[in-house]
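# Descriptive analysis of the structure
One letter stands for each residue in the lines below.
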Amino acid sequence: MHMRLRRSTPGLPAVAATLLLLVASLVGSAIPAAATRAAAAAATPAAPAAEPWWRHAVIYEIYPRSFQDSNGDGTGDLNGIAQRLDYLQQLGVDAIWIAPIYPSAQVDFGYDITDYDAVDPMFGTLADFDRLLGEARRRHIRVILDMVLNHTSDQHPWFLDAARSGDSRYHDFYVWTAGKLDAAGHRAPPNNWVSLFGGSAWEFVPAVGEFYYHRFYRQQPDLNWRNPEVERAMFAAMRFWLERGVAGFRLDAVTELFEDAKLRDAPPLGGTNAQGDPNLSDIYTKNLPEVHDVMRRLRAMMDTYAGERVLIGETYLANTTDLDAWYGGARHDELQLPMDTLVGLGNRLDADTFRRRLLESQTELHHSQPLLVFDNHDNVRSWDRFGDGVHDAQIARIVAALLLTAPATALLYQGQEIGQRTATPTRVEDVRDPLGIRGWPRDKGRDGERTPMQWDGSNAQAGFSTTPHTWLPVTADYRSVNVQSEAADPESLLNWYRRLIALRRNNRALREGRMVMLDTANASVLSYARVSTDGETVIVSLNMSPQPQTPSLDLAQAGLRSSHPRTLLSSPGPLPHGDAKGPVSLPPYAVWIAELR
Ligand code: GLC
């Protein structure tokens, strides 16, 4: 989590299994027998042999604390996820990414791991996990786990031992320094680095007379990736889950694995951040070149497992060229899907910016597959970031249409499909995220985007739990904003998402077609065509303005066959002249998706 986005405005069948086993045997003895077994298990019948499954996938992020509570303790769990798999299948998702479920001190709600090879009792057991995997597989849904490589919990046995003595065999698993003596002769941190979660990034441990480095909370000591033992231990943890049959990992904070070996001071950028710390350049703490060697070795390890295991990266980067490096550039030998937060995680609904970013994703990634993401558990929801307070529902449909019709793998976050709002606490005493407690009121933390999933109106917990004491409160609007009532309303956002996902799955142009930008000088309307190799064409026009607009869709000029459009999906409602040859007029914040016959 490297930037917090705020509001911009007020307001597998037998044949496939055999094939995989064949591929595995061709790759040879590098693959452990368990891996081959798991490979067969991880495959699902849906994916055509030629294209890896993740290329056109819709991936759904689950924040397990807040998805579904099955045992009435107020916190979501693995059996709860299993109960909701039918819903996910109906929605049309291909894979779920589950935020960390491992034993954790829960300071950062799972992102501070104490054991990489187990399940936190709060979420269930390893047997529950295996059952979930099996139930998901039956529904052709793959399971991706979150993997935290940058740091462990300070309660992890490695760190407890490392902080006991400099002679510990685990001491060098972490980043230690003696620091320096300040003017008064006191031991001080070695440099000016600050934690992304506030305060100095260095914590002194008297027992060893040294400081350790933490990019996040002080309870999250950074691992020392210059120590080959660390890489061995973390790769072993990933193998543990790969052999159980997980489809891959989302790599948490992966840009942060290495820090400058000389510990040089970060150049100040002027001003202070939401935590009250000086704004600093991250040239010495982020995106250091060594990280790519680790990623290549990691990818090579993943590729020894059949079944197209995937690596997704939490890669907040400043520009598309930086993102390209995370795919391995022209070599394509690092992550398959570093997260393209460049397109989606802005906070202004701006046709020009989206157009530029989408074009870059087509031209600057060496033909790698972009991954689009608008929402996650760390940022104000897109509903609130892009909404203008008047057209929010319509704007949410534009976000959905862009996410699901652009040439990219799509990632959505639980609740996004029903228009859940960000419910930021109004009193500091209600805040659960330590980031918000420390940062109040400038940074109110991430509770707002983590409130429980709103399933129905059956009880005051929106069907999420049976206890009123949920770990975060259920948002008051659950009576109207919930899965059950939206499922019954053909015009709901949920049904809009379902239709878009189904269209994307069944339409060749939307599934695999190239993108041709249309009407490129239009500052209000983003228009593009998707064209399949055999010429099937779909055009998408998104009016990102509060005024009616008539885009000039000159198909011939774009080298496209000009013919009568047939509307596939539109919002709000049927559009005038949608099916006529000639200009289409788009009401404010309209979406028009049409095929050319
Ligand atoms: C990532 C996670 C975030 C967590 C941080 C530290 O940004 O998404 O929730 O706090 O890493 O692990």
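Residues numbered from 1 in each chain as written. Predicted model: local features only at pLDDT ≥ 70, side-chain atom pairs only at ≥ 80, totals over all residues. Heavy atoms only, no water.

Attention shifts here to the sheet that holds strand 17 (residues 525-531). What the 5 strands build is an open sheet, ordered 16-17-18-20-19; its pairing is antiparallel. The sheet is open, and its two borders are formed by strand 16 (514-518) and strand 19 (565-571), each paired with just one other strand. When strand polarity is set aside, the average angle formed by the axes of neighbouring strands in this sheet is 20 degrees. Pairing analysis gives 6 bridges linking strand 18 (residues 537-543) to strand 20 (residues 591-596), with the strands arranged antiparallel. (Pairing = 2+ DSSP bridges. Helix = DSSP H or I, 4+ residues; strand = E, 2+ residues; numbered from the N terminus. Axes fitted to C-alpha atoms, helices over the stretch in contact; angles between N-to-C directions.)

The next subject is the domain arrangement of the protein. In terms of domain boundaries, the protein breaks down into domain 1 (50-235 + 246-288), domain 2 (315-506) and domain 3 (513-596). Taking only C-alpha atoms into account, the centre of domain 2 sits 25 Å from that of domain 3. Buried surface at the junction of domain 2 and domain 3, summed over both partners, amounts to about 2100 Å²; 73% is from carbon and sulfur atoms. Remark: the boundary between domain 2 and domain 3 carries 0 salt bridges. The tally of links between domain 2 and domain 3 comes to 8 residue pairs in polar contact (both at pLDDT 80 or more). Taken together, the elements giving at least two residues each to the side of domain 2 that touches domain 3 come down to helix 11 (351-363), helix 13 (392-405) and helix 16 (493-506). (Domains from an automatic or database assignment. Buried area = accessible area lost by both parts, 1.4 Å probe. Salt bridge = Lys/Arg side-chain N within 4 Å of Asp/Glu carboxyl O. Polar contact = N/O pair within 3.5 Å; in protein donor to acceptor, adjacent residues only side chain to side chain.)

Before going further, it helps to spend a moment on the pattern of salt bridges. Tallying each qualifying case throughout the model produces 34 salt bridges. A salt bridge links Glu 290 to Arg 226, with the shortest nitrogen-to-oxygen separation between them at 2.7 Å. Here Arg 226 lies in the loop between strand 8 (210-213) and helix 7 (228-244) and Glu 290 lies in helix 8 (residues 290-303), a separation of 64 residues in the sequence. Look at Arg 226 and you get partly exposed, because its relative accessible area is 38%. Between Arg 566 and Glu 595 there is a salt bridge; the shortest N-O distance is 2.7 Å. (Buried < 20%, exposed > 50% of the residue type's maximum accessible area, 1.4 Å probe, protein only.)

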